[in-house]
Structure formats: structure tokens, C-alpha cells
Amino acid sequence: MTSPQAAAPGPVAAPSDLGGRTALVTGAAGGIGRACALRLAAAGAKVRAVDRDAAGLEALAASAAGLPGRVEPYVLDLTDLEAAEVAAAGTDVLVNNAGLQHVAPLEEFPPDVFHTVLTVMLEAPFRLVRGALPHMYGQGWGRIVNVSSVHGLRASAYKSAYVAAKHGLEGLSKTAALEGAPHGVTSNCVNPAYVRTPLVQRQLADQARTHGVPEERVLTDVLLRDSAVKRLIEPEEVAEAVAYLCGPQASFVTGTSLVLDGGWTAH
């Protein structure tokens, strides 16, 4: 929809540095989660792919055939917080990625939607971390990667629930980093700007209605307005950042946010 300022990178060869590790990725049926699941499986991990989309998970598992690791579908609605905590038991790598979006002014924002967004994007990550830490602490190693957003660092109008959840996730991630460090567990955020995912595609009509501009102008005039690099980031680029934070080379990186925003926060 735009003339990219720079082409997205091609596929990157994946080292097998997570062999024998079990990873859990939420929101794994599509978008960033799907890319992360495949990337971690390419690095040798057994990936517990969590999503409520059973068909999407089956398609993901089929796509992972032939990789050094494997993908195991795990159908779960993250609003079931008890089940989420149970699902995280025994994992070495936890990638909190699942998210949802609703665009509306604060005075019109549905309270039930606000509650659901915070449940899925903040309370469920807390329960997943809580379920994963005993195993990580017991073995003296673990990796927690929270897929945050540029909206974990900057606010945008009409996205109160999403912005609140991502800001909360940043704080949760830092707390986990401080508590986990003596146990060999790192915790970090990855903060992309707008990613080429169904979640972003669905925003175009919502943003057009809210901002009162034609849909074809939303990408350039709203979503990419503050980005120096005028294109959407690809899910595979985010997955590479996640994989880096999960690998042995990132053992001293914790409590921070790896920003992939095309220069948005440079303003």
C-alpha cells in the first residue's frame, strides 16, 4: 500500500541453539506469534503453540514439518487464566505475544472490551510467567520475551486498553527481570511499530472511521506518520529479535525493551 523506503530483509538462517528446550508462544496461529513459533522451532525448540484458533494451529504445525524442532498445537482461550498458568508449566522459553485491539474514544470505549484486553494482554502474561518460573528457577535458566509495542513506550489516541496493557506489560517484564536474574532467567520486551498482521489490517477501517479520513490514507497519514522508515515491519523481523533474546548470546540482556519502530521514538 506504500512505496517502501527500504526493502524488508530476506529469510535468515537459524542456528540450532535451542535444541532440547521447550518454548511456549501465545497467539501462535498467525502474525507475529506464528513467525516466532516457526523461528524457535527452526532453532531446535519444541514449541507449545497456544491459540484459540485450532485450524490455524494445525496449519502452523504442518508448516513446521522438517524443521529441527517441532510445533505442538495447544488450543486455549487466554481468558481462562487458571488454564493459562497450567499451560506454562515446564517451559524454558516463554513468549507472551497474544493481543487484540479496539479503537474508540475513551468516553465511548466499552468497559467489557477494556476488561478483556487487559485480561488477555496483561493478566494472562502474569499467569503464564507465574506458571513458568518454578521450572526455570529450578534449572537455573529461562527466557521470557514479552511482545510489547511502540505503544508500550508511547501513547496513541483512541487505544486506551491496548496502550494501558502494553505499558503494564513493560512493568511486569522489568519486575520479572529483577526477580529472575539470580536464577539465570532473563525477561525483556520487543517493541515493534505497526507489523504486517491481520490485527493491523483490521485497524484500517476502524482508524478511518475514528479519524475521519479515507481508508487508503490511514496507513500513510496515521499508522506510518511518526515512523522514519515508511513501511510496515514484517512478522519475521520481529521473530528474529525474539530469537536473539532467547539465545545464549543474550544472557546479559535483561529488563530492557528492544525497539523495532523504524525511528518512531527518535522524535
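Preceding this section is the structure that the text describes.
As the structure is a prediction and not an experimental result, all values here were calculated from the model.

About the cut-offs
- Residues numbered from 1 in each chain as written.
- Predicted model: local features only at pLDDT ≥ 70, side-chain atom pairs only at ≥ 80, totals over all residues.
- Heavy atoms only, no water.
- Helix = DSSP H or I, 4+ residues; strand = E, 2+ residues; numbered from the N terminus.
- Rg over C-alpha atoms; globule rule 2.2 N^0.38 Å.
- Buried < 20%, exposed > 50% of the residue type's maximum accessible area, 1.4 Å probe, protein only.
- Right-handed = clockwise from strand over helix to strand, strands pointing away.
- Pairing = 2+ DSSP bridges.
- 1 Å grid on protein atoms, 1.4 Å probe; cavity = no way out; pocket = protein on both sides within 12 Å on 5 of 7 lines; lining within 4 Å.
- Points joined across faces, edges and corners; volume = space filled by probe spheres on them.
- Nonpolar A, V, L, I, M, F, W, Y, C, P; charged D, E, K, R; others polar.
- Axes fitted to C-alpha atoms, helices over the stretch in contact; angles between N-to-C directions.
- Parallel < 35°, antiparallel > 145°, perpendicular 65-115°, else oblique.
- Contact = heavy atoms within 4.5 Å.

(A) Main features of the overall build of the chain. Regarding its fold elements, the chain presents eight helices and seven strands. For 267 residues, the compact-globule estimate of 2.2 N^0.38 gives 18 Å, and the chain sits close to it at 18 Å. In terms of overall dimensions, the chain has C-alpha extents of about 55 × 40 × 35 Å along its principal axes. For the chain, the proportion of its 267 residues judged to be buried stands at 51%.

(B) Inspection of the pairing of strand β2 (residues 46–51) at higher detail. The buried count for β2 comes to five of six residues, which makes it a mostly enclosed element. In this view, the connection linking strand β1 (residues 22–26) to its parallel neighbour β2 by way of helix α1 (residues 31–42) has right-handed handedness. Where β2 and strand β3 (residues 70–75) come together, six bridges link them in parallel fashion. Looking at β3, one finds that Lys46 is bridged to Arg70.

(C) Main features of unusual backbone geometry. Despite not being glycine, Tyr158 has its phi angle at roughly 75°, a positive value. Here Tyr158 falls in the partly exposed class, since its relative accessible area comes to 30%.

(D) Region of interest: empty space enclosed by the protein. Taken as a whole, this structure holds one cavity of 30 Å³ or more when the rule is applied. Surrounding the largest cavity, Thr26, Leu78, Asn96, Asn97, Ala98, Val120, Met121, Pro125, Leu128, Val147, Lys166 and Leu169 form its lining. Where the lining of the largest cavity is concerned, the elements lending two or more residues are α4 (111–139) and α5 (160–180). With four residues, α4 is the largest single contributor of residues to the lining of the largest cavity. For the lining of the largest cavity, the residue count by class is eight nonpolar, three polar and one charged.

(E) How the structure looks around the packing of helix α6 (residues 198–211) against helix α7 (residues 215–223). Here α6 crosses α7 at 90°, and the two axes come no closer than 8 Å. Regarding the angle of α6 to α7, the classification is roughly perpendicular. Together, Val200, Leu204, Ala205, Gln207, Ala208 and His211 of α6 and Glu215, Val218, Leu219, Val222 and Leu223 of α7 make up the contact between the two elements.

None of the figures reported here should be taken as evidence of function without further support.
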